[in-house]
Amino acid sequence: MLTPYAITRAGTEAGEFSDCYGRTLRAVESFGLSLLVGDPIDAECDAEGFMDTVALIHEHACCVPVRLDDPLNDETAVRRLLETGADRFTRLLDRLTGADEWSVRVEAPIRDHAPPPAGTPPAADSASGRSYLRQRRRDLDTASGIHPEVSDLIAVLSHALAPLARDTRTLPAKHGAGSLALLVDRDRDITPSFRAAAADATLPCMLSGPWPPFSF
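Residues numbered from 1 in each chain as written. Predicted model: local features only at pLDDT ≥ 70, side-chain atom pairs only at ≥ 80, totals over all residues. Heavy atoms only, no water.

Caption draft 1: Summary view of the overall build of the protein. Each helix and strand counted, the protein has six helices and eight strands in total. For the protein, the sequential pattern of α-helices and β-strands runs β-β-β-α-β-α-α-β-α-α-β-β-α-β. The buried share among the 216 residues of the protein stands at 42%. The long-range fraction of contacts in the protein, counting pairs at least 24 apart against all pairs at least 6 apart in sequence, stands at 71%. (Helix = DSSP H or I, 4+ residues; strand = E, 2+ residues; numbered from the N terminus. Buried < 20%, exposed > 50% of the residue type's maximum accessible area, 1.4 Å probe, protein only. Contact = heavy atoms within 4.5 Å.)

Take a look at the structure:
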């Protein structure tokens, strides 16, 4: 059994990296790609060490991080994964080169009464195309479990921070919370811009990062 860590371009020196037990990773290559793998680890107990290893790979080589999940059976299964997804992985590597992920988590309001219905639109000119797109995004967010007020604040933050990012994604979290994931050029610190954008926020929100780009 093998634990997958990250997909890189072929030629990455896997011997530079080790797992949380100090065991050296190895590279399995196919179709111009390389998947760095290691011996099996405990998905629950070793999650932090897994993240540390992926972060180290990300610092030294452009990579598509692999989420800690079920291990792959053998190198044949690794090569099959690379071959079936070769075009997509190659495009992702091109897209992720020189980029980090940042995340803004927005907590849902804590109130005794029920949240406003999903169909309640944010304040805007309902006749405008922009208003329609905002409402459409809000409907999709609430359908995924994000509280409507969280969706509205994420929209404000996304509008303010999008010029600094290559791409953004909205992700649901537990209990009505949500996150705004941003793909940002390496070494760009978006903290000052986030503080300015969140200065009047009515809900708790926290910026974290940079991380390997798991969300893109």
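Caption draft 2: Quick look at the packing of aromatic side chains. Overall, the coordinates contain one aromatic pair when judged by the stated rule. With centroids separated by 4.9 Å and ring planes inclined at 25 degrees, the aromatic side chains of Tyr5 and Phe50 adopt a geometry described as stacked. Note that Tyr5 is positioned in strand E1 (residues 3–9) and Phe50 in helix H1 (residues 47–60), a separation of 45 residues in sequence. Residues Tyr5 and Phe50 agree in their burial class; the two are buried. (Phe/Tyr/Trp six-rings, centres within 6.5 Å; stacked < 30°, edge-to-face > 60°.)

Caption draft 3: A look at unusual backbone geometry. Put simply, Gly209 and Pro210 share a cis peptide bond, and its omega is 0 degrees. Looking at the secondary structure, you find Pro210 in strand E8 (residues 205–211). Not every positive phi belongs to a glycine, and Phe31 is a case in point at roughly 55 degrees. Examined against the element boundaries, Phe31 turns out to sit in the loop between strand E2 (26–30) and strand E3 (33–38). For Phe31, a relative accessible area of 60% puts it in the exposed group.

Caption draft 4: Quick peek at the pairing of strand E5 (residues 99–106). The element E5 is largely enclosed, with a buried count of seven among its eight residues. Pairing analysis gives eight bridges linking E5 to strand E7 (residues 178–185), with the strands arranged antiparallel. Note on E7: the bridge partner recorded for Asp100 is Val184. As paired strands, E5 and E8 are joined by five bridges and run antiparallel to one another. Its bridge partner being in E8, Arg105 is matched across the sheet by Met206. (Pairing = 2+ DSSP bridges.)

Caption draft 5: Looking closely at the pairing of E1. In terms of burial, E1 is a largely internal element, six of the seven residues being buried. Sheet topology places E1 next to E3; six bridges connect them, and they run antiparallel. Looking at the pairing, Arg9 lines up with Leu33 of E3.

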